[in-house]
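Listed here are the chains, written in short residue letters.
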Amino acid sequence: MISQVVLSPIGPLKLTVEDGFVTGLEFYRDTLNTNTSQQPQASKLVPIHTKSRGRRSENDLRTLEQAIGELNAYFSGRLRYFSVPVRASGTRFQQAVWQAMAKISYGQTKTYRDLAKAVGSPNGARAVGNACGANPVAIIIPCHRVVAQNALGGFGGGLYTKRWLLELEKHNTRESI
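Just so you know, the residues in each chain are numbered from 1, in the order the chain's sequence is written. Confidence filtering applies because this is a predicted model: local features only for residues at pLDDT of at least 70, side-chain atom pairs given and counted only at 80 or more, and all residues used for totals across whole chains, interfaces and linings. Side-chain measures here rest on the full set of heavy atoms in the structure, leaving out hydrogens and waters.

**Focus on the packing of aromatic side chains**
Inference 1: The pairing test for Phe, Tyr and Trp rings, Trp by its six-membered ring, is centres within 6.5 Å, and the orientation test on the planes gives stacked under 30 degrees, edge-to-face over 60, and tilted for anything in between. In the structure shown here, the tally under the stated rule is five aromatic pairs.
Inference 2: Relative to Y106, the ring of Y74 lies with its centre 6.2 Å away and its plane at 80°, an arrangement referred to as edge-to-face. Here Y74, found in helix α2 (residues 58-75), pairs with Y106, found in the loop between α3 (92-102) and β5 (110-111); they are 32 residues apart in sequence, far enough to count as distant. Per residue, the accessibility class of Y74 equals that of Y106, and both read buried.
Inference 3: Taking the centre distance of 6.0 Å and the plane angle of 55° together, the rings of F75 and W164 count as tilted. Here a strand is any run of E in DSSP of at least two residues, a helix any run of H or I of at least four, and the numbering for each starts at the N terminus. Here's how the labels work: a residue is buried when its accessible area is under 20% of the maximum for its type, exposed when over 50%, partly exposed in between, all with a 1.4 Å probe on protein chains only.

Structure, rendered in structure tokens:
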């Protein structure tokens with residue numbers, strides 16, 4: 001398993017790769033005690049800390065490199081769909097919600113209620129919100145594209161970050177028309 005903290009336009013992110021799959025992408029600001037101002041931190045991902053547990057496999061290193069490359073392309077507006085292999089552990093319901101989230105197109109949003117209906121639980125908007133909060137692979141599984149009926153809803157990276165990601169996608173969608 002390899003974990004690498006990278007500095008991104010939205011602050012530090014911790015990428016975790018195991019057995020050739022991205023198993024984690026989380027917001028890492030508080031842990032590093034870095035500048036948490038609401039300004040973009042870096043235009044390209046900059047590795048700042050790497051930690052390995054066990055043997056560093058070539059497969060894990062390739063997957064980590066692919067994930068960093070795809071995140072750089074995403075933040076620069078050149079990538080709309082991630083292809084890096086992901087393995088997210090969770091309950092059957094969480095898995096269903098994450099699969100439904102992964103189908104939300106770049107630049108689009110769905111409500112918690114929309115996803116609840118999509119996974120066969122029409123009254124489960126709150127449970128969908130909990131599944132979004134448990135998403136271990138933020139951005140790649142795009143929980144930032146899930147919003148409340150009349151507001152942004154919550155987000156593990158903070159509402160500023162959610163707005164920033166949605167604006168990035170909205171801006172790049174407009175440019176491509």
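**Description of the sheet that holds strand β4 (residues 46-52)**
Inference 1: Spatially, β3-β2-β1-β4 is the arrangement adopted by the four strands of the open sheet, whose pairing is antiparallel. Edge positions in the open sheet fall to β3 (21-27) and β4, since each of these has one partner strand only. Recorded for the sheet is a direction-independent mean angle of 20° between the axes of neighbouring strands.
Inference 2: By definition, residues are in contact when any of their heavy atoms lie within 4.5 Å. Between the N-to-C directions of two axes lies an angle of 0 to 180 degrees, each axis being a line fitted to C-alpha atoms and, for a helix, fitted only over the stretch in contact. Across the sheet, α2 lies against β1 (2-8), β2 (11-18) and β3, angled at about 145° from β2, the strand it touches most. We call two strands paired when DSSP finds no fewer than two bridges between them.

**A word on α2**
Inference 1: Counted at 1.5 Å a residue, the expected span for α2 with its 18 residues is 26 Å, and the 26 Å between its end C-alpha atoms agrees.
Inference 2: Those residues of α2 lying buried are D60, T63, L64, A67, I68, E70, L71, N72, A73, Y74 and F75.
Inference 3: G77 occupies a position one or two residues after α2 and carries a positive phi of about 85°. What a helix should span is 1.5 Å times the count of its residues minus one.

**As for the nonpolar core**
Inference 1: Ranked by internal contacts, the top residues of the largest apolar core, which has 44 residues, are Y74, F75, M101 and I139.
Inference 2: Of all the secondary structure elements, the ones that give two or more residues to this core are β1, β2, β3, α2, α3, α4 (112-118), α5 (125-133) and α6 (159-175). Each nonpolar core is a collection of buried residues, namely Ala, Val, Leu, Ile, Met, Phe, Trp, Tyr and Cys, held together in the definition by side-chain atoms within 4.5 Å.

**Quick word on the environment of V128**
Inference 1: Examined against the element boundaries, V128 turns out to sit in helix α5.
Inference 2: The sequence separation of V128 and V146 amounts to 18 residues, and the corresponding C-alpha distance is 9.4 Å.
Inference 3: Every residue in contact with V128, bar those within four places of it in the chain, is listed here: F93, V97, Y112, L115 and A116.

**Topic: the side chain of R145**
Inference 1: Looking at the element boundaries, R145 is found in the loop between α5 and β6 (146-147).
Inference 2: Overall, R145 belongs to the buried group, its relative accessible area being 4%.
Inference 3: Of note is the side chain of R145, whose polar atom sits 2.7 Å from the backbone oxygen of I104.
Inference 4: In terms of polar contacts, R145 uses its side chain to reach the side chain of E169, at 2.9 Å.
Inference 5: Here R145 is in contact with Y74, R80, I104, S105, Y106, G107, Q108, T109, K110, L166 and E169, once residues within four sequence places are set aside. Counting of polar contacts relies on pairs of N or O atoms within 3.5 Å, with two restrictions inside protein: one atom must be capable of donating a hydrogen and the other of accepting it, and residues adjacent in sequence are counted only when both atoms are side-chain atoms.

**Here we look at the side chain of Q94**
Inference 1: Mapping Q94 onto the fold places it in helix α3.
Inference 2: A relative accessible area of 18% places Q94 in the buried class.
Inference 3: Looking at Q94, its side chain comes within polar contact range of the main-chain nitrogen of T91, at 2.8 Å.
Inference 4: Here Q94 is in contact with A131 and A134, once residues within four sequence places are set aside.

**Some details on α5**
Given 3.6 residues per helical turn, the α-helix brings residues three or four places apart onto the same face.
Inference 1: By the burial criterion, the buried members of α5 are V128, A131 and C132. An end-on view of α5 places all buried positions within 100° of arc, on one side of the element. Turned more than 90 degrees off the buried face of α5, the exposed positions are R126, N130 and G133.
Inference 2: Along its buried surface, α5 packs onto α3, α4 and β6. Of all possible arcs, the one meant is that of the directions from the helix axis to the C-beta atoms.

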